[in-house]
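The chain contents come next:
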Amino acid sequence: MRLGVNIDHVATLRQARGTTYPSPLEAAALCEKGGADGITIHLREDRRHIQDSDLYALRKALKVPLNLEMANTAEIVGIAVATKPAEVCLVPERRQEVTTEGGLDAAGQFDALKPSITKLAAAGITVSLFIEPSLRQLDAAVALGAPVVELHTGKYCDLAGGEREAELRRLVEAAEHGHRIGLQVNAGHGLNYENLPAFLKAVPHLDTLNIGHSIVARAVMAGMEKAVREMKDLLA
């Protein structure tokens, strides 16, 4: 199983004071040293953390694949086609939200998504869709021609008791269905050092986990390289 480390919140810390540090590029290098299999960033429309210059610098310097999270807008699609990250993950985006809330409605937004997915794929970029653990959404991903999905794990992480168990069963069913219909199944959002073991024990067929906030938070105390190594140890 592979670990993609989301370094958005290194940039959040930088933007809070308008300084040139801490550097997402330096953070990414430490993630690579710690064993990260990929680096994930989200270039938001409002540029609240990652900036265009970060994307270009990372695309040039990284030894591991770059995964660009992005909204389905003409501007960001154009930037993705120009920079050609290894992978893009299309996500829903609202200006008011603190972080991404819920999965993309791939089935409901089929006509809006199809041209962008076709354009990105034509540029040689692997396209992933960040979706809820829903069989309808998984089937829509196949119909749209997206070979990869990332299951939204936020509800599993936020719930407790019986509700968490019910959401975990949804994730298991989605992972099994996605694997059966030929999708690469990734997962992410809210996963941390405490809730990850039970998730990994239950959910099959996972290829990559994209984890950011908990690793950056741990890095504040222990250092980025150690934080990534600790997460990799859990995955192993």
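Conventions adopted
- Residues numbered from 1 in each chain as written.
- Predicted model: local features only at pLDDT ≥ 70, side-chain atom pairs only at ≥ 80, totals over all residues.
- Heavy atoms only, no water.
- Core = buried A, V, L, I, M, F, W, Y, C linked by side-chain atoms within 4.5 Å.
- Buried < 20%, exposed > 50% of the residue type's maximum accessible area, 1.4 Å probe, protein only.
- Contact = heavy atoms within 4.5 Å.
- Salt bridge = Lys/Arg side-chain N within 4 Å of Asp/Glu carboxyl O.
- Helix = DSSP H or I, 4+ residues; strand = E, 2+ residues; numbered from the N terminus.
- Phe/Tyr/Trp six-rings, centres within 6.5 Å; stacked < 30°, edge-to-face > 60°.
- Lys NZ or Arg CZ within 6 Å of the ring centre and 35° of its normal.
- Disulfide = S-S within 2.5 Å.
- Pairing = 2+ DSSP bridges.
- Right-handed = clockwise from strand over helix to strand, strands pointing away.

Draft legend 1. Region of interest: the nonpolar core. Of all hydrophobic cores here, the largest spans 70 residues; its most connected members are Ile39, Leu129, Phe199, Leu209 and Ile215. Not counting residues up to four positions away in its chain, the partners in contact with leucine 209 are Met1, Arg2, Leu3, Gly4, Ala187, Leu191, Leu196, Phe199, Leu200 and Leu235.

Draft legend 2. Region of the structure containing the pattern of salt bridges. Counted under the stated rule, the structure contains eleven salt bridges. Among the salt bridges present, the one from arginine 14 reaches aspartate 54, with a minimum N-O distance of 2.7 Å. Taken together, the residues arginine 14 in helix 1 (residues 8-17) and aspartate 54 in helix 3 (residues 52-61) connect sequence positions 40 residues apart. We note that arginine 14, like aspartate 54, is buried.

Draft legend 3. Local environment of the packing of aromatic side chains. The final tally for this structure, using the stated rule, is one aromatic pair. Their ring planes at 45° and their centres at 5.6 Å tell us that tyrosine 156 and phenylalanine 199 sit as a pair that is tilted. Of this pair, tyrosine 156 sits in helix 7 (residues 154-158) while phenylalanine 199 sits in helix 9 (residues 196-202), and the two are 43 residues apart along the sequence. One exposure class covers both tyrosine 156 and phenylalanine 199, and it is buried. The residue whose ring lies beneath arginine 164 is tyrosine 156, and the NZ or CZ to ring-centre distance is 4.7 Å.

Draft legend 4. Spotlight on the state of the cysteines. A full pass over the atoms with the stated rule returns zero disulfides. Between cysteine 31, a cysteine without a disulfide, and cysteine 89, which holds the nearest cysteine sulfur, the sulfur-to-sulfur distance is 18 Å. We note that cysteine 89 lacks a disulfide partner, and the nearest cysteine sulfur, in cysteine 157, lies 16 Å from it. Overall, the relative accessible area of 0% leaves cysteine 89 in the buried class.

Draft legend 5. Structural view of helix 10 (residues 213-222). For helix 10, the complete set of buried residues consists of Ser214, Ile215, Val216 and Ala219. The secondary structure elements touched by the buried residues of helix 10 are strand 1 (2-6), helix 1, strand 8 (206-211) and helix 11 (224-235). Positive backbone phi, approximately 100°, marks glycine 223, located one or two places after helix 10.

Draft legend 6. Structural view of the pairing of strand 5 (residues 126-131). Of all six residues in strand 5, five are buried; the element is thus mostly enclosed. Summarising the sheet, strand 4 (residues 87-90) and strand 5 pair through four bridges and their orientation is parallel. The residue bridging leucine 90 from the neighbouring strand is leucine 129, located in strand 5. Judged from the four bridges that link them, strand 5 and strand 6 (residues 148-152) form a sheet pairing that is parallel. By the bridge assignment for strand 6, serine 128 is matched with valine 148. Crossover connection from strand 5 via helix 6 (residues 135-144) to parallel strand 6: handedness right-handed.

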